[in-house]
Amino acid sequence: MFYEFTDAGILKNIIRNKSIRKEDLTPVLERVRESLLRKNVAASIAEQVCADTCASLIGKQVDMLESLNKKINAVIRNSLARILSHAESFDLLMQIRAAKAKKIPYTITFVGVNGVGKSTSLSKVASWLLSNGFTVLIAACDTFRAGAVEQLRTHCQRLDVPLYERGYEKDPAKIAQEAILQARHQGIDVVLIDTAGRMQDNEPLMRALSNLVSLNSPDLVLFVGEALVGNDAVDQLQKFDSSLVNLDRRGKKRIIDGIVVSKFDTIDDKVGAILSMVFASGAPVLFIGCGQSYQDLQTPNIENLIDTLLS
Ligand SMILES: Nc1nc2c(ncn2[C@@H]2O[C@H](COP(=O)(O)OP(=O)(O)OP(=O)(O)O)[C@@H](O)[C@H]2O)c(=O)[nH]1
Ligand SMILES: [Mg+2]
């Protein structure tokens, strides 16, 4: 697919001056910004993408109309691809195989605000791991929301996966610790740790999450964010990241390692949350949830995402 953010007037201006100037790009970037905002990219991120694109074009020498048009479009695509390439730079199966070879359970913690799809995504990942031949233990560490443990029990029964649960009384950090120990004794390959949803500004709950993460040092802290999220995506990710670093009493300074984007099936072409989340955190998107069944889990397709962002 080929996009036109330029028109004859803009291109002729640039050719006349022999090199690209900031003022020539202003109308081009205005179109790019509008396109990104239309696709639900957070405003501050759209702004930064445009600034980066502008920086890589200013001063470039050009003499042919057609090649200039191609160059501008290619730079815009490259700029988006550079950000989104975080989305595919992580081989989770390889990491799990390496842990398995050392007979250590690989541990993944799912975190995020309330109702975004943490437990559903965790169950989809469990199903994906089973289909890749790994054994899984799920740890019920949402001891906060009524019904959370029962919800996981249902998933575990359907998936035929063991559940480590201690009801609602105990400290979730300790439950995770016991679950990991049990997995180690039983030779289970992967422990998936469910956590309670919490708002990014709720300091006591963020402190509890930080304690769970620092006590157990999971191999992977996965942030689950809804594809529907707009400008709040940046705030959520930055506050989860900074809470894990700043509220930790053990000085481990963990941050979000990866992202699961949920409810992708509900957004039509408004795919911008992916760009916002990757840009805001620097973490890759490992999975995209696109429905309610266990099979509705995909990995990102960068070219398709860019096509949609710019369409
Ligand atoms: N359409 C759609 N619905 C989803 C997807 N993922 C999760 N859901 C739905 O979102 C709702 C909340 O999912 P949960 O997995 O319970 O969310 P949670 O983040 O664990 O919620 P809390 O534990 O309460 O914070 C449920 O109705 C899920 O079926 C998805 O990819 N697509
Ligand atoms: Mg849940």
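On a predicted model such as this, the values are computed, not experimentally measured, just so you know.

J.: Looking at this structure, I do not really get the sheet that holds strand E8 (residues 297-298). What am I missing?
T.: Strand pairing within a sheet occurs via backbone hydrogen bonds; the two strands may be parallel or antiparallel. Pairing is mixed across the open sheet formed by eight strands, whose spatial order is E3-E2-E4-E1-E5-E6-E7-E8. Each end of this open sheet is capped by a strand with a single partner; those strands are strand E3 (163-164) and E8. Across six bridges, strand E2 (residues 136-141) lies against strand E4 (residues 190-195) in parallel orientation. Considered in E4, the bridge of Val136 is made with Val190. Each of E2, E3 and E4 touches helix H7 (residues 148-159); the most contacted strand, E2, lies at about 165° to it.

J.: Could you clarify how one ought to interpret the UniProt feature "domain: SRP54-type proteins GTP-binding" (unreviewed entry) in the protein chain in this entry?
T.: Sites flagged by UniProt as "domain: SRP54-type proteins GTP-binding" (unreviewed entry) map to residues 284-297. Helix makes up 0% of residues 284-297 and strand 43%. Its end C-alpha atoms lie 15 Å apart.

J.: Any chance you could explain the domain arrangement of the protein chain here in plain terms?
T.: Often, the extent of an interface is quoted as the loss of accessible area upon association of its parts. Along its sequence, the protein chain is carved into domain 1 (8-87) and domain 2 (90-310). Taking only C-alpha atoms into account, the centre of domain 1 sits 35 Å from that of domain 2. Residue-level contacts link 22 residues of domain 1 with 30 residues of domain 2. Of the roughly 2200 Å² buried where domain 1 meets domain 2, counting both sides, 67% is carbon and sulfur surface. When the area that domain 1 buries against domain 2 is broken down by residue, the three leading residues are Lys39, Arg77 and Leu84, summing to 31%. Summed over the shared surface of domain 1 and domain 2, the number is two salt bridges. Glu303 is the salt-bridge partner of Arg77, the closest N and O atoms lying 2.7 Å from each other.

J.: Is there a simple way to explain the site of ligand 1 in this structure?
T.: Near ligand 1 lie 19 residues; those nearest to it are Lys118, Thr120, Arg145, Asp265 and Gln292. Between Gly115 and ligand 1, the recorded distance is 2.9 Å, taken from a backbone N or O atom to an oxygen atom. At 2.5 Å, a side-chain N or O of Thr120 approaches an oxygen atom of ligand 1. In isolation ligand 1 offers 650 Å² of accessible surface; the protein chains occlude 82% of this area. The site holding ligand 1 turns out to be the largest pocket. For the shell around ligand 1, the class distribution of residues is two nonpolar, 11 polar and six charged.

J.: Just to check I follow, could you spell out the side chain of Gln236 for this structure?
T.: Along the chain, Gln236 turns up in helix H10 (residues 232-246). You can call Gln236 buried: its relative accessible area is 6%. Among all residues touching Gln236, those that are not within four sequence positions of it are Val113, Gln200, Phe223 and Val229.

J.: Teacher, can you tell me more about the layout of surface pockets here?
T.: Any empty space left between the atoms is revealed when a probe the size of a water molecule rolls over them. The volume enclosed by the largest pocket comes to roughly 430 Å³. Forming the walls of the largest pocket are 24 residues, and the residues nearest its centre are Gly115, Val116, Gly117, Lys118 and Thr120. When residues of the lining of the largest pocket are traced back to their parent elements, those giving at least two are helix H6 (118-131) and E4. Ranked by the residues each element gives to the lining of the largest pocket, the list is headed by H6, at five residues. Along the lines of polarity and charge, the residues of the lining of the largest pocket split into three nonpolar, 14 polar and seven charged.

Conventions and cut-offs
- Residues numbered from 1 in each chain as written.
- Chains lettered and ligands numbered in written order.
- Predicted model: local features only at pLDDT ≥ 70, side-chain atom pairs only at ≥ 80, totals over all residues.
- Heavy atoms only, no water.
- Pairing = 2+ DSSP bridges.
- Helix = DSSP H or I, 4+ residues; strand = E, 2+ residues; numbered from the N terminus.
- Contact = heavy atoms within 4.5 Å.
- Axes fitted to C-alpha atoms, helices over the stretch in contact; angles between N-to-C directions.
- UniProt positions renumbered as here; feature names shortened; annotations may be inferred.
- Domains from an automatic or database assignment.
- Buried area = accessible area lost by both parts, 1.4 Å probe.
- Salt bridge = Lys/Arg side-chain N within 4 Å of Asp/Glu carboxyl O.
- Near = heavy atom within 4 Å.
- Polar contact = N/O pair within 3.5 Å; in protein donor to acceptor, adjacent residues only side chain to side chain.
- Areas by Shrake-Rupley, 256 points an atom, 1.4 Å probe, with all protein chains shown as cover.
- 1 Å grid on protein atoms, 1.4 Å probe; cavity = no way out; pocket = protein on both sides within 12 Å on 5 of 7 lines; lining within 4 Å.
- Sits in = over half its atoms within 2 Å of the grid points.
- Nonpolar A, V, L, I, M, F, W, Y, C, P; charged D, E, K, R; others polar.
- Buried < 20%, exposed > 50% of the residue type's maximum accessible area, 1.4 Å probe, protein only.
- Points joined across faces, edges and corners; volume = space filled by probe spheres on them.

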